[in-house]
Amino acid sequence: MEAAETCTMRIEAALGNEPAVQRFLTEALETTECPPKARKELRLAVEELFVNVARYAYDPGSGDVEVSVSLASDGCGARVVLRDGGVPFDPFGHADPEAPRSVEETPIGGLGIMMVKRLMDAHSYRYVDGCNEVTIAKRW
């Protein structure tokens with residue numbers, strides 16, 4: 001995806017900052033014709049990824065996360081990158097859990113990354129310059 005513009009924010013990786021990250025994403029998408037379904041899917045994916053960083057990346061300490069939103073030059077897509085200096089961890093490096101057969105069998109936790117993979121058109125992880133870098137992309 002060729003990016004027309006990229007917006008970046010740096011914020012403490014704390015659960016209480018997730019609404020600020022969502023506002024940042026929403027403001028970036030307002031400049032596009034992003035349909036409601038794609039907007040909702042991006043918001044869900046970013047929420048899952050940010051919350052995972054906030055809960056686990058720096059445990060027991062704290063640190064920052066950089067969130068970048070790049071909009072496609074054709075106005076029909078977005079790429080979001082989350083970078084943190086926490087413990088190296090590839091969220092996409094594990095096999096998806098078996099899908100539950102019923103609501104009663106659904107475990108609490110553990111399905112968020114599978115959801116991200118299914119909602120996004122592309123996802124990747126790399127560890128570069130001492131940072132975790134998770135990238136997701138969505139076209140509409």
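For the structure, check the block above.
Please read these numbers as outputs of a predicted model, since none were measured by experiment.

Caption draft 1: Summary view of the pattern of salt bridges. The final tally for this structure, using the stated rule, is seven salt bridges. For the salt bridge of Arg10 with Glu66, the shortest nitrogen-to-oxygen distance reads 3.5 Å. One end of the pair, Arg10, is in strand S1 (residues 3–12); the other, Glu66, is in strand S2 (residues 64–72), and 56 residues separate them in sequence. For Arg10, a relative accessible area of 55% puts it in the exposed group. Close ionic contact of Glu133 with Arg83 constitutes a salt bridge, the shortest N to O distance being 2.8 Å. Within this pair, whereas Glu133 is found in strand S5 (residues 131–139), its partner Arg83 is found in strand S3 (residues 77–84), the two being separated by 50 residues in sequence.

Caption draft 2: Here's a closer look at the pairing of S5. Most of S5 is tucked away: eight of the nine residues are buried. With eight bridges joining them, S3 and S5 adopt antiparallel strand pairing. Across the sheet, Ala78 pairs through a bridge with Lys138, a residue of S5. As paired strands, strand S4 (residues 122–128) and S5 are joined by seven bridges and run antiparallel to one another. The residue of S5 that forms the bridge with His123 is Ile136.

Caption draft 3: Molecular detail of the sheet that holds S2. The antiparallel open sheet is built from five strands, whose spatial order is S1-S2-S3-S5-S4. A single partner strand is all that each edge strand has here, and the edge strands are S1 and S4. Direction aside, neighbouring strands of the sheet carry axes that sit 15 degrees apart on average.

Caption draft 4: Local environment of the nonpolar core. Within the largest apolar cluster, 33 residues are counted, with the highest numbers of intra-cluster contacts made by Val65, Val67, Val80 and Ile136. Going through the elements one at a time, S1, helix H1 (18–29), helix H2 (36–57), S2, S3, helix H3 (112–119) and S5 are the ones with two or more residues in this core. Per-element tally for this core: the top contributor is H2, with eight residues. Beyond its immediate stretch of four places on either side in the chain, Val65 contacts Met9, Arg10, Ile11, Ala13, Phe50, Val53, Leu82, Arg83 and Asp84.

Caption draft 5: Highlighting H1. With 12 residues, H1 extends 17 Å between its outermost C-alpha atoms, agreeing within 8% with the 16 Å of an ideal straight helix rising 1.5 Å per residue. Listed in full, the buried residues belonging to H1 are Glu18, Ala20, Val21, Gln22, Phe24, Leu25, Ala28 and Leu29. Where H1 is buried, its residues contact S1, H2, S2 and S3.

Caption draft 6: View of H3. When you tally the buried positions in H3, you get six out of eight residues, the bulk of the element. Of the positions making up H3, those classed as buried are Gly112, Ile113, Met114, Val116, Lys117 and Leu119. On its buried face, H3 sits against H2, S4 and S5.

Caption draft 7: Region of the structure containing the packing of H1 against H2. Closest axis-to-axis distance for the H1/H2 pair is 10 Å, and the angle between their directions is 145 degrees. Relative to H2, the crossing made by H1 is right-handed. Contacts from Glu18, Val21, Gln22, Leu25, Thr26 and Leu29 in H1 reach Arg39, Leu42, Arg43, Val46, Glu47, Phe50 and Val51 in H2. Across the contact of H1 with H2, the residue classes tally to seven nonpolar, two polar and four charged.

Analysis parameters
- Residues numbered from 1 in each chain as written.
- Predicted model: local features only at pLDDT ≥ 70, side-chain atom pairs only at ≥ 80, totals over all residues.
- Heavy atoms only, no water.
- Salt bridge = Lys/Arg side-chain N within 4 Å of Asp/Glu carboxyl O.
- Helix = DSSP H or I, 4+ residues; strand = E, 2+ residues; numbered from the N terminus.
- Buried < 20%, exposed > 50% of the residue type's maximum accessible area, 1.4 Å probe, protein only.
- Pairing = 2+ DSSP bridges.
- Axes fitted to C-alpha atoms, helices over the stretch in contact; angles between N-to-C directions.
- Core = buried A, V, L, I, M, F, W, Y, C linked by side-chain atoms within 4.5 Å.
- Contact = heavy atoms within 4.5 Å.
- Expected span 1.5 Å × (residues − 1).
- Left-handed = near helix turned anticlockwise from the far one by under 90°.
- Nonpolar A, V, L, I, M, F, W, Y, C, P; charged D, E, K, R; others polar.

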